[in-house]
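The lines below spell out each chain.
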Amino acid sequence: MFAAWTVKHKPKSLNEIVGNKDAIQKVTDWIKSWGKGIPKKRAIFLYGPPGIGKTVAVEALAHDLNMEFVENNASDYRTEDAVNRFAGLASQYGSLFGGKRIILLDELDGLTGTADRGGVKAITDIVKTAQCPIVLIANSAYDPRFSNLRLYCLLIEFKKPAAGDVVKRLEWICDQEGIQADESALKFVAQRSEGDVRSAVNDLQALAQGKKKLSYEDVSWFGYRDRQDTIFNVLRMILYGKTCVGAKQAVDMADVDIDMLFEWIYENVPAHLTDPRDLAQAMDALSIADVYRGRIRATQDWGFTRYVIDYMTAGVAMARQNTKVHGWIPFKFPERIQMLSRSRAERAMQLSIGQKIKRKNHISAARASKQVLPYLRIIFKNDVNMAAGLAKWLDLAPEMIGYVVGSEEKAKEIIDLMS
Ligand SMILES: Nc1ncnc2c1ncn2[C@@H]1O[C@H](COP(=O)(O)OP(=O)(O)OP(=O)(O)O)[C@@H](O)[C@H]1O
Ligand SMILES: [Mg+2]
């Protein structure tokens, strides 16, 4: 079964966490200071953007210091019962088994509405008298709701790690997965994620899972689009949608156009609808959507768009009848688009070789790439000496030679012979 790499490769120890060294040091010092008695601030408030390791840093710290770790989502503290349980835990430093305790209250921003103002107040009251370290986490600490709570906390900001740090983590994961990745490829993935390690790891998995090698070409083709967080959510809404309306709404959220969304759905339906009847039904819906797409192309009547949308979203969502959901299945990038962009690059290469041939032979570049290139390929593969002579005469660049012979080794041999 598949496992999300963010979970499979979740850092266990602090030395696996990239970035925020100073902030992590501050947290560590503060936790350790409890050994000498209760510090002035009994809680710390960690804040910063999503996916940069706030939660996992605290987990790793508790692991490294061998502490009893109590982790909760702040939104669990809406009921009086839960608050009392929290108060009970916070009233003792030592745990039953002799270890020291640390309490994490995560996702504080999740508390909303008037009822929850009680929640923040209850948390504040507990922090004031806590007998063990409490860590609070939120994306922003400066929400007015927290103004009173802030007074009792040591504020520590987590920042987005630099791209170089993210690359290090991606490298490590590739190592574990037995993937040989070019640094340029990982750099690209890291830069795209803009410091969000979680989404960088997700991207990496979508692009590299099952591969032995990862090159820049394998990742650069989706560079024209923004972060695809939303596309994953959109796909989830469609492939796991319970209602037609919900599935249709997904289209408005998508940051890709309808044709592209069609490709994404088409690529991912087979893996996510495993029951054959469900799959047949979904593919049927997609094929009808595709017929309407064809009609739009033929007639330019964009009124058909609504049918395309209905069939490819609601039609697919409603196909799910018998498929059992077990485990987590990653979404894949549409291969068809990848192939198209690859063949586009290939056509460009053929044409530029055609230009070189044109210069010497006075035929059009298009004709040269169609009619001469295949012969060139045979010659290059069979006779390196002749290949070197021809390459020199045609003034082919090294990457063109590589493309014509289709093997790095032979290309090197030819280039060596040329000089
Ligand atoms: N700095 C990091 N070093 C290594 N892995 C990281 C780092 N940040 C995030 N990750 C990966 O991303 C996953 C999610 O990280 P984490 O839950 O700590 O993010 P967060 O900052 O708490 O985000 P949120 O605000 O959404 O809760 C981790 O399980 C880990 O796989
Ligand atoms: Mg978190």
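All figures in this text were calculated on a predicted structure; none of them were measured in a lab.

Draft legend 1. Summary view of the pattern of salt bridges. Overall, the coordinates contain 16 salt bridges when judged by the stated rule. In this structure, the salt-bridge partner of Asp290 is Arg293, at a minimum N-O distance of 3.1 Å. Highlighted residues: Asp290 and Arg293, both in helix α14 (residues 276-299), separated by 3 residues, approximately one helical turn. For Arg293, a relative accessible area of 8% gives the class buried. Taken together, the shared-partner salt bridges connect Lys121, Asp125 and Lys128 into one network.

Draft legend 2. Quick peek at the domain arrangement of the protein chain. Domain annotation of the protein chain identifies domain 1 (20-157), domain 2 (163-220), domain 3 (229-333) and domain 4 (337-418). Each of domain 2 and domain 4 has a C-alpha centre, and these two points are 31 Å apart.

Draft legend 3. Region of interest: the site of ligand 1. Thr6, Val18, Gly51, Lys54 and Thr55 are the nearest of the 18 residues found near ligand 1. Here Val18 contributes a backbone N or O atom positioned 2.9 Å from a nitrogen atom of ligand 1. Note that an oxygen atom of ligand 1 is positioned 3.1 Å from one of the backbone N or O atoms of Ile52. Look at ligand 1: alone it shows 640 Å² of surface, and the protein chains cover 91% of it. Of all the secondary structure elements, the ones that give two or more residues to the shell around ligand 1 are α3 (54-64) and α9 (197-208). Per element, the largest residue contribution to the shell around ligand 1 is 3 residues, and it comes from α3. For the shell around ligand 1, the residue count by class is 7 nonpolar, 5 polar and 6 charged.

Draft legend 4. Local environment of helix α17 (residues 335-361). End to end, α17 covers 38 Å across 27 residues, agreeing with the expected 39 Å (1.5 Å per residue, within 8%). Tucked inside the fold, the buried residues of α17 contact α10 (216-220), α13 (258-272), α18 (365-382), α19 (384-394) and α20 (398-405).

Draft legend 5. Examining unusual backbone geometry more closely. Positive phi, normally seen in glycine, also occurs at Glu194, with a value near 50°. Relative to the elements of secondary structure, Glu194 occurs in the loop between α8 (183-192) and α9.

Draft legend 6. Region of the structure containing the sheet that holds strand β5 (residues 153-157). Strand order in the open sheet made by the 5 strands is β2-β3-β4-β1-β5, with parallel pairing throughout. Strands at the two margins of the open sheet, each flanked by one partner only, are β2 (68-73) and β5. Between one strand axis and the next, the sheet turns through 20° on average, direction left out of account. Looking at chain direction, β2 and strand β3 (residues 101-106) are connected through 6 bridges and run parallel. Bridge pairing in β3 places Glu71 opposite Leu104. The sheet strands contacting helix α2 (residues 21-33) are β1 (43-47), β3, β4 (134-138) and β5, and the helix crosses β5 at an angle near 155°.

Draft legend 7. Just the packing of α14 against helix α15 (residues 305-312), in detail. Relative orientation of the contacting elements α14 and α15 amounts to 165°, with a least axis distance of 8 Å. Classified by the interaxial angle, the pair formed by α14 and α15 is roughly antiparallel. Remark: the crossing between α14 and α15 carries left-handed chirality. On the side of α14, the interface is formed by Ala285, Leu286, Ile288, Ala289, Tyr292, Arg293 and Ile296, while α15 contributes Thr305, Tyr307, Val308, Tyr311 and Met312.

Draft legend 8. The arrangement of the packing of aromatic side chains in detail. What the rule picks out here adds up to 13 aromatic pairs. For the ring pair Trp30 and Trp34, a centre distance of 5.9 Å and an interplane angle of 85° mean the geometry is edge-to-face. The pair Trp30 / Trp34 is uniform in exposure class, with both members buried. Here Tyr292 and Tyr307 contribute two aromatic rings whose centre-to-centre distance is 5.1 Å and whose plane-to-plane angle is 35°, an arrangement assigned as tilted. Linking Tyr292 in helix α14 with Tyr307 in helix α15, this pair joins segments that are 15 residues apart in sequence. Its relative accessible area of 18% is what places Tyr292 among the buried residues.

Draft legend 9. Looking closely at the pairing of β1. For β1, a buried count of 5 out of 5 residues is recorded, marking the element as mostly surrounded by other parts of the structure. Residues Ala43, Phe45 and Tyr47 point to one face of β1 and Ile44 and Leu46 to the other, with burial holding for every one of them. As judged from the 5 bridges shared by β1 and β4, these two strands associate in the parallel manner. Each bridged residue has a counterpart across the sheet, and for Ile44 the counterpart in β4 is Val135.

Draft legend 10. Local environment of the nonpolar core. Leu170, Leu204, Leu261 and Ile265 are the most contacted members of the largest nonpolar core, which has 52 residues in total. When residues of this core are assigned to domains, at least three map to each of domain 2 (163-220) and domain 3 (229-333).

Draft legend 11. Summary view of the environment of Arg101. Inspection of the secondary structure puts Arg101 in strand β3. In the structure, Arg101 is positioned 306 residues away from Ser407 in sequence and 60 Å away in space, judged by C-alpha atoms. Here the side chain of Arg101 touches Glu68 through a polar contact of 2.8 Å, side chain to side chain. At a separation of 2.8 Å, a polar atom in the side chain of Arg101 contacts the main-chain carbonyl oxygen of Leu89.

What counts and how
Residues numbered from 1 in each chain as written. Chains lettered and ligands numbered in written order. Predicted model: local features only at pLDDT ≥ 70, side-chain atom pairs only at ≥ 80, totals over all residues. Heavy atoms only, no water. Salt bridge = Lys/Arg side-chain N within 4 Å of Asp/Glu carboxyl O. Helix = DSSP H or I, 4+ residues; strand = E, 2+ residues; numbered from the N terminus. Buried < 20%, exposed > 50% of the residue type's maximum accessible area, 1.4 Å probe, protein only. Domains from an automatic or database assignment. Near = heavy atom within 4 Å. Polar contact = N/O pair within 3.5 Å; in protein donor to acceptor, adjacent residues only side chain to side chain. Areas by Shrake-Rupley, 256 points an atom, 1.4 Å probe, with all protein chains shown as cover. Nonpolar A, V, L, I, M, F, W, Y, C, P; charged D, E, K, R; others polar. Expected span 1.5 Å × (residues − 1). Contact = heavy atoms within 4.5 Å. Pairing = 2+ DSSP bridges. Axes fitted to C-alpha atoms, helices over the stretch in contact; angles between N-to-C directions. Parallel < 35°, antiparallel > 145°, perpendicular 65-115°, else oblique. Left-handed = near helix turned anticlockwise from the far one by under 90°. Phe/Tyr/Trp six-rings, centres within 6.5 Å; stacked < 30°, edge-to-face > 60°. Core = buried A, V, L, I, M, F, W, Y, C linked by side-chain atoms within 4.5 Å.

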